[in-house]
Every structure is written in structure tokens, then in C-alpha cells.
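Analysis of the macromolecular model
Here are the chains, one letter per residue:
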Amino acid sequence: MFWVKLHHLDRDATHAREQLLHRLVELRSHVAGELASQPQHRPLVGRQARELLGRPAGQVDGVGEPPILLAREGINLFLAGLGPKVEAFMAALRADPRFADLPTKDSWSDHIPFRKMLVKVKSEIIRMNEPTVRPQGGRAPAISPALVKQWLDDGVDDQGRPVVILDTRNDFEVAHGGFHNAINWHLHKFSEFPQAVREHASELADQTVITYCTGGIRCEKAALFMRDIGLDHVYQIEGGILKYFEEVGTAHYDGQCFVFDEREALGVDLAPHPITC
């Protein structure tokens, strides 16, 4: 699994101002394991990103240096830069056949949300402490935002099974916004999720469960874990809340979506909005 958030700082002709494009890219890949297991590859990742974004050792205006997380289960990469620089990075990335068909999700803000670039090797991108959950071995079933809306409109899935929606985020994130009537187990950290599932599994057994998170990392692992313990009708929203905003809007959703950078919360237009909670 390969995750990239790319941030373009670009000139908006309509508003005559600079904006930042936030791009989330998803891919399952074996490259992460190679990078995480071979120390010589770690500094190379940061150096290549700097070069592709036009940022050598020193500062270059309009480019942010965020963290790059490497684990055997995947890569979580954040980059910020002027539009042409980020597009050059994407072109170089897609030149590798393994990354040739990367889909993207874009959003905008007025500033660079990162201050420095770090390359970190972690046991998990998002810690769950369940070693049998291996996203690199295959994805959990995902459904499109449009189908999520349809199921929530109807209250049942295509087979007539009752549908519930489960928030896999931390409680402070949920406070910024979420889906109507979503199950919230008031997690303080994602590693609490497996125990919460075990405690509530019987309540979910006869229902179709839609898991969701910000962009798709946590709900991917959540859905895999739930299926592993015998909950057969569990799905994730393809692309998480941000993709739902992009393709559907705010139907069945109240508030904003918390993000882990200086923007803090995004609205349905995928731009930063004042905190309302």
C-alpha cells in the first residue's frame, strides 16, 4: 500500500492568489518493505524528493518539507511545492511501472502545511498492534462514495441488510465532524480499535458496516481486522471522508474533516475552514 499526499502551491487565475493543492495517492506496493528493511535506501528517499521538487540542501521558496513514513505495510509520503514541481515529481513517480496508474485526490489551501522533511522508519504507518493485519497482502473491500450515499439514503445495502457506519478516528477528530448517527467508540488512539471491535462485535454481526476515516489508511486496516475476526460484511469508503466530500458533498455528513497539518480542518470544498467545535 502506497500513500502520498502531494501539495501544490499554484496560482489560481480566478482568485489571483496562491493556493496549495493537497493530493492523496494510493497504491499497494512491495517497495515499502524494501525501503524499510535496507537502511541505505532511507536517506535516498528524502534526497530524491528534494531533487524532484527543485529543493536541494537549502531553502527554496514555495516548497514544504514534510515527513516521509516507511513501513513494511506501505509508505506515507507528504510533499508540498509549486504546481510544476509537484507535477514533475508525479511524472517521475509514474515513470516507474509499479506507480503508473496512481489515482489522486486533490484539495487546496493558502499556505504550506509542513516545515521540514523527515524520513522515518516505523513498524506500522498507523499503529494498530495487530501483526496479522497486513494491508500489503490485499485490500479490504471498498465502496464508492456514491454507493455509500445510496446505502445511507436507503438504510440498507443492495441485499437489504441494515447498514451502519463506523468512525475509526480518534475522539478529538470526530468532534470536528462526522457522518450522521455514526458509531463512535471514543477512541484516544487507533491501537484501541481492535479491543473496541471485540467488545462490540456481536452488535454488528447481522449488519453491513461501512468504516471511514480521513483518507483511507485507518479504515483500510480497520475493515481488514473486522473481517479477520468474522465480521463478513465490512467495507471501507474508497478514499475516506475527503473523497466523499469531493464526489458527493455533505449528504449525511455534518461539520468539517480534521487533518493532521496546519490547516486543521477541511470543508466540503476541500479548503481550510474555521474550527466550529
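Above this text is the structure in question.
Presented here is a report on the structure given in the accompanying data block.

Bringing the pattern of salt bridges into the picture now. Per the stated rule, a full pass over the model turns up 10 salt bridges. Where Arg139 meets Glu220, a salt bridge forms, and the shortest distance between an N and an O atom there is 3.0 Å. Residue Arg139 is found in the loop between β6 (118–121) and β7 (142–143), and its partner Glu220 is found in helix α7 (residues 217–228); the two are separated by 81 residues along the sequence. Its salt-bridge partner being Glu246, residue Lys243 comes within 3.4 Å of it at the nearest N-O pair. Of this pair, Lys243 and Glu246 both sit in helix α8 (residues 240–247), three residues apart, roughly one helical turn. Look at Glu246 and you get partly exposed, because its relative accessible area is 39%. A single network of salt bridges, built from pairs that share partners, joins Arg139, Glu220 and Glu238.

This part is about the sheet that holds strand β8 (residues 163–167). Pairing in this open sheet of four strands is parallel, and the strands run β7-β11-β10-β8 from one edge to the other. In this open sheet, the two strands that pair with only one neighbour each are β7 and β8. Here strand β10 (residues 208–212) runs beside strand β11 (residues 234–237); their pairing, made up of three bridges, is parallel. Residue pairing for β11: Thr211 is matched across the bridge by Gln236. In the packing of α7 onto the sheet, contacts are made with β8, β10 and β11, and the angle to β11 comes to roughly 175 degrees.

Let us look at a positive patch on the surface. Taken together, the side chains of Lys120, Lys122, Arg127 and Lys189 present a region of like positive charge at the surface. In this fold, Lys120 is placed in strand β6. Its relative accessible area of 43% is what places Lys120 among the partly exposed residues.

Thresholds applied
- Residues numbered from 1 in each chain as written.
- Predicted model: local features only at pLDDT ≥ 70, side-chain atom pairs only at ≥ 80, totals over all residues.
- Heavy atoms only, no water.
- Salt bridge = Lys/Arg side-chain N within 4 Å of Asp/Glu carboxyl O.
- Helix = DSSP H or I, 4+ residues; strand = E, 2+ residues; numbered from the N terminus.
- Buried < 20%, exposed > 50% of the residue type's maximum accessible area, 1.4 Å probe, protein only.
- Pairing = 2+ DSSP bridges.
- Contact = heavy atoms within 4.5 Å.
- Axes fitted to C-alpha atoms, helices over the stretch in contact; angles between N-to-C directions.
- Patch = residues over 30% accessible without salt bridge, like charges linked within 9 Å, V, L, I, M, F, W, Y side chains within 5 Å.
- Areas by Shrake-Rupley, 256 points an atom, 1.4 Å probe, with all protein chains shown as cover.
- Lys, Arg positive; Asp, Glu negative; His and termini not counted.
- Charge placed at Lys NZ, Arg CZ, Asp CG, Glu CD.

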